[in-house]
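Architecture and fold: a report
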Amino acid sequence: MQVLHDAPLAPLTTFRLGGPATRLVTAGTDAEVIAAVREADDSGTPLLVIGGGSNLVIGDKGFDGTALRIATRGFELRGNTLELAAGEVWSDAVARTVEAGLAGIECLAGIPGSAGATPIQNVGAYGQEVSSTISEVIAYDRRAGRTVTLTNEECAFSYRHSRFKADPDRYVVLRVRFELEDADGLSAPLKYAETARALGVATGDRVPLADARETVLRLRAGKGMVLDAEDHDTWSAGSFFTNPILTDEQFAAFRARVRERLGEGAEPPAYPAGEGRTKTSAAWLIDKAGFTKGYGTGPARISTKHTLALTNRGEATTEDLLALAREVVDGVRAAFGVTLVNEPVTVGVSL
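All values derive from a computational prediction rather than experimental measurement.

We now examine the overall build of the protein chain. Across its full length, the protein chain holds nine helices and 18 strands. Here the C-alpha radius of gyration of the protein chain, 20 Å, is about what a compact globule of 351 residues would show, namely 20 Å. With the C-alpha coordinates aligned to their principal axes, the bounding extent of the protein chain is approximately 60 × 50 × 40 Å. Taken across its 351 residues, the protein chain has 49% of its residues classed as buried. Across the protein chain, the fraction of contacts at a sequence separation of at least 24, relative to all contacts at a separation of at least 6, is 61%. Counting only carbon and sulfur atoms, one obtains 47% of the accessible surface of the protein chain, whose full area is about 15300 Å². Here the protein chain contributes 37 positive and 46 negative side-chain charges, whose respective centroids are spaced 3 Å apart.

Structure (structure tokens):
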């Protein structure tokens, strides 16, 4: 277990932003993770858990406490059951399941970060969410002081949410188990129209696993959503805002605002999100409110490839990023009456 003091945290995040931690502990085994958590809890020291750093916005003043970097490793396949250590690189794990001929997470290729973060956020993209394949999550329960195993149902997954996100100070994810599908080398049925179009098939069709993964990687790269140190469009947290889910009443009011602003024939994106609820597109809202690709003149700007990504152009501070985020939130609210919610976790700061 490595321990550093006054340690920079910016290099551990995909934004490359944020001040130092009073203490940085890097744990390579589950036992070391649990020991570091217990030590912090027993001493009353604030604890920040870091995996791949792809969903973190850390304040410029840093973190006054112990930052725990989970660097555990473990990839184990038993039939169709996959168990990943929390510190496994997610994109690498997806590639290995495709090589093994197992379907279920192939459309989650290229997503930065660690395996342990996926159940927290219920990571999803291109028609797949990890909640559809996670069978169990093994975590350290800080409240009970023991390791527990939570079933899929007990994880309380919903859109970009889970039991872990709802109670962020209780659980530290150690391992994640997935139940994948052997479909003779084919993908799960494609649910996302853009992916199906790119592959020249219909939604609901299956394609060779490698084709699905490579297509998703190509689509993500075109939007600056695959990490590349030389491309500042990828110095981000991916999608900075979640897609708003509105009640029928809220959606009717929103639709009226859209027509008032864009003309009588204008229709906003609308997707069913459960009884009496509709999901719309945050990227569409941002663009139609006037924040187009590349918007901004400072060191933090909207990606030149995708309006949903806020980026560090190389010299930004966290405050620069937050100023841009607040401008976007205020502009969308003024234009359409919808309040965007940030997807990344903020540490020591807030919108």
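Time to look at the packing of helix H7 (residues 248-262) against helix H9 (residues 318-336). Interaxial distance between H7 and H9 falls to 8 Å at its minimum, and their mutual angle equals 90°. One finds that H7 runs roughly perpendicular with respect to H9. For the pair H7 and H9, contact is made by Phe254, Arg257, Val258 and Arg261 and by Arg333, Ala334, Ala335 and Phe336, respectively. Considering only residue class, the contact of H7 with H9 consists of five nonpolar, no polar and three charged.

This part is about the sheet that holds strand E3 (residues 47-50). The sheet built from four strands is open, its strands ordered E1-E2-E5-E3 with mixed pairing. Of all the strands in the sheet, the pair left with one neighbour each is strand E1 (2-8) and E3. Across this sheet, the average inter-strand angle for adjacent strands is 25°, counted without regard to direction. Two elements, E1 and strand E2 (residues 20-27), share six bridges in a ladder whose sense is antiparallel. For valine 3, the partnering residue across the bridge sits in E2 and is valine 25. Where helix H1 (residues 30-43) meets the sheet, it contacts E2, E3 and strand E5 (63-70), and its direction lies at approximately 145° from that of E2.

Looking now at empty space enclosed by the protein. Using the criterion set out here, one finds one cavity of 30 Å³ or more in the structure. Taken as a whole, the largest cavity encloses approximately 30 Å³ of empty space. Taken together, Cys107, Tyr126, Gly127, Gln128, Ala188, Pro189, Leu190 and Lys191 form the lining of the largest cavity. For the lining of the largest cavity, the residue count by class is five nonpolar, two polar and one charged.

Turning to the sheet that holds strand E13 (residues 245-247), a few remarks are in order. If you trace the three strands from one edge of the open sheet to the other, you get E13-E15-E14, paired in antiparallel fashion. The sheet terminates laterally at E13 and strand E14 (271-272), the two strands that pair on one side only. Direction of pairing for E13 relative to strand E15 (residues 277-279): antiparallel, over a ladder of three bridges. From the neighbouring strand, threonine 247 faces E15, where its bridge partner is arginine 277.

So, about the packing of aromatic side chains. Applying the stated criterion across every chain yields a total of ten aromatic pairs. Here the aromatic rings of phenylalanine 164 and tyrosine 171 are separated by 5.6 Å at their centres, their planes lie at 85°, and the arrangement is edge-to-face. No difference in accessibility class separates phenylalanine 164 from tyrosine 171, as the two residues are buried. Judged by centre distance (5.0 Å) and plane angle (85°), the rings of phenylalanine 291 and tyrosine 295 are edge-to-face. The class of phenylalanine 291 is buried, set by a relative accessible area of 6%. Owing to a relative accessible area of 26%, tyrosine 295 belongs among the partly exposed residues under this scheme. What links up through ring pairs into an aromatic cluster is the set Phe251, Phe254, Trp284 and Phe336.

Approximately 460 Å³ is the volume found for the second largest pocket. Thr14, Gly52, Pro112, Gly113 and Leu227 are, among the 26 residues lining the second largest pocket, the residues nearest its centre. Of the residues assigned to the lining of the second largest pocket, the class counts are twelve nonpolar, ten polar and four charged.

Strand direction decides the pairing type here: strand E6 (residues 75-78) and strand E7 (residues 81-85), joined by four bridges, are antiparallel. Its bridge partner being in E7, leucine 77 is matched across the sheet by leucine 82. The turn joining E6 and E7, which pair antiparallel and follow one another in sequence, is formed by two residues; a positive phi near 65° is taken by glycine 79.

This part covers the pairing of strand E10 (residues 134-141). The buried fraction of E10 is high, at six of eight residues. As judged from the seven bridges shared by E10 and strand E12 (residues 171-179), these two strands associate in the antiparallel manner. By the bridge assignment for E12, isoleucine 134 is matched with phenylalanine 178. Note: E10 against strand E11 (residues 146-151), six bridges, orientation antiparallel. In the sheet register, isoleucine 138 faces E11, and the bridge partner there is threonine 149.

Let's shift gears to the pattern of salt bridges. Taken as a whole, this structure holds 20 salt bridges when the rule is applied. Two residues, aspartate 30 and arginine 175, come together in a salt bridge whose shortest N-O distance is 2.9 Å. Of this pair, aspartate 30 sits in helix H1 while arginine 175 sits in strand E12, and the two are 145 residues apart along the sequence. On the basis of relative accessibility, which here comes to 22%, the residue arginine 175 falls in the partly exposed class. With a closest N to O distance of 3.0 Å, arginine 206 and glutamate 181 form a salt bridge. Here glutamate 181 lies in the loop between E12 and helix H5 (193-199) and arginine 206 lies in the loop between H5 and helix H6 (209-222), a separation of 25 residues in the sequence. The network of salt bridges with common partners includes Asp30, Glu76, Arg78, Glu83, Glu136, Arg175 and Arg177.

Procedures and definitions
Residues numbered from 1 in each chain as written. Predicted model: local features only at pLDDT ≥ 70, side-chain atom pairs only at ≥ 80, totals over all residues. Heavy atoms only, no water. Helix = DSSP H or I, 4+ residues; strand = E, 2+ residues; numbered from the N terminus. Rg over C-alpha atoms; globule rule 2.2 N^0.38 Å. Buried < 20%, exposed > 50% of the residue type's maximum accessible area, 1.4 Å probe, protein only. Contact = heavy atoms within 4.5 Å. Areas by Shrake-Rupley, 256 points an atom, 1.4 Å probe, with all protein chains shown as cover. Lys, Arg positive; Asp, Glu negative; His and termini not counted. Charge placed at Lys NZ, Arg CZ, Asp CG, Glu CD. Axes fitted to C-alpha atoms, helices over the stretch in contact; angles between N-to-C directions. Parallel < 35°, antiparallel > 145°, perpendicular 65-115°, else oblique. Nonpolar A, V, L, I, M, F, W, Y, C, P; charged D, E, K, R; others polar. Pairing = 2+ DSSP bridges. 1 Å grid on protein atoms, 1.4 Å probe; cavity = no way out; pocket = protein on both sides within 12 Å on 5 of 7 lines; lining within 4 Å. Points joined across faces, edges and corners; volume = space filled by probe spheres on them. Phe/Tyr/Trp six-rings, centres within 6.5 Å; stacked < 30°, edge-to-face > 60°. Salt bridge = Lys/Arg side-chain N within 4 Å of Asp/Glu carboxyl O.

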